[in-house]
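# Per-entry structural report
Listed below are the residues making up each chain.
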Amino acid sequence: DPHVLMQNADAAMYRAKERGRNTFNFFTSELNRRAVERMRIESHLLHALDRGEFELHYQPIVDLRLGTVIGAEALLRWTNAILGNVEPDRFIPLAEDTGLIVPIGLWVLETACAQLAEWRRNGVPALRVSVNISSRQFRGTNLVEAMSDMLRRHNVPSYLLELEITEGLLMDELPQTRANLRDLASLSVRLSLDDFGTGYSSLRYLKQFPVDTLKIDKSFVREVPHEAGDSTVVEAIIAMAHRLGLQVVGEGIETEEQLNFLQSHGCDFGQGFYFSRPVSAPAFRRWLDVRMPITGEALQEAT
């Protein structure tokens, strides 16, 4: 009947979007199961913010030359009474599609600023916190105003906040997106290009916009130093970034071999399970207090 036909077509459409758009997908019974799950998650996601179900976890970013912690990436986690712990790759794309990412993203920024303020009051060194920003947030007109207000209310220096954006956002031709990027730079808020190498990687946009940091995607770091192609790409990204006056973060470091490779090629900072998994704010503080920033044992002792 028409209702089932449209419902099934809708499921196939969402699958096509997940595969990168500009494609098509036939409906299958598996898609129907996914569509039902999507609707189930969405019904809970609609009320997650009001129910206080979100939490930020923090994963340290380490200076690979000095072995000291210079900051952390704030990562969103969702625990629902019925669904349990919902993986980010299950709910964040859904939040993007529905527009819920805008209020959720503002909550993330507010919470990160509040946490920075608390750490500063309690004697934690000037750590930088990185927050992922959705392209939907950039298309609005109040992002810069909202951030400026948060930083002022929490008395947090703007240079301690870093926004992680995607390569695709730099190619957005919308005037509001470009204006927001420049206004954020004028506030001295740092901009980091996340998952570099997996998108468009246009050097023209790197020169055109005020980006401070490149984050090498973990898919490249995973195979170094054993895979020649990925090793060459990582070397090239580091060299290019430094020539452009940018700092580099190697993501997804899990082994000492990967760490040694990045250090030997001048990578500035590192992030990954080798140092710590993302943990709650109290556990992150305990991890810092152990004062063993360059070993994976520190987190186990702290938690």
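Residues numbered from 1 in each chain as written. Predicted model: local features only at pLDDT ≥ 70, side-chain atom pairs only at ≥ 80, totals over all residues. Heavy atoms only, no water.

## Concerning the pairing of strand β7 (residues 213-216)
A two-sided burial pattern is seen for β7, the buried positions comprising T213 and K215 on one face and L214 and I216 on the other. Two strands pair when backbone bridges link them, and strand β6 (residues 190-196) and β7 are joined in this way by three bridges, in the parallel orientation. Looking across to β7, one finds that S192 is bridged to T213. (Buried < 20%, exposed > 50% of the residue type's maximum accessible area, 1.4 Å probe, protein only. Helix = DSSP H or I, 4+ residues; strand = E, 2+ residues; numbered from the N terminus. Pairing = 2+ DSSP bridges.)

## Regarding the packing of helix α1 (residues 2-18) against helix α2 (residues 29-48)
Relative to each other, α1 and α2 sit at 85°, their axes nearing to 9 Å. By the angle between their directions, the pair α1 and α2 is classed as roughly perpendicular. Every residue of α2 that contacts α1 at N8, A11, A12, Y14, R15 and E18 is listed here: L31, N32, R34, A35 and R38. Class assignment for the residues of the contact of α1 with α2 results in five nonpolar, two polar and four charged. (Axes fitted to C-alpha atoms, helices over the stretch in contact; angles between N-to-C directions. Parallel < 35°, antiparallel > 145°, perpendicular 65-115°, else oblique. Contact = heavy atoms within 4.5 Å. Nonpolar A, V, L, I, M, F, W, Y, C, P; charged D, E, K, R; others polar.)

## Thoughts on the pairing of strand β4 (residues 128-132)
Counting buried residues in β4 gives four out of five residues, a clear majority hidden from the surface. Two strands pair when backbone bridges link them, and β4 and strand β5 (residues 161-165) are joined in this way by four bridges, in the parallel orientation. By the bridge assignment, N132 is partnered in β5 with E164.

## Brief notes about the environment of Y14
Note on placement: Y14 falls in helix α1. Here the alpha-carbon distance between Y14 and G272, two residues 258 residues apart in the chain, equals 31 Å. Filtering out sequence-adjacent residues up to four positions away, Y14 remains in contact with R38 and D97.

## Topic: the side chain of S158
Within the fold, S158 resides in the loop between α6 (143-154) and β5. Those residues in contact with S158 that sit more than four places away from it in its chain are L151, L187, S188 and V189.

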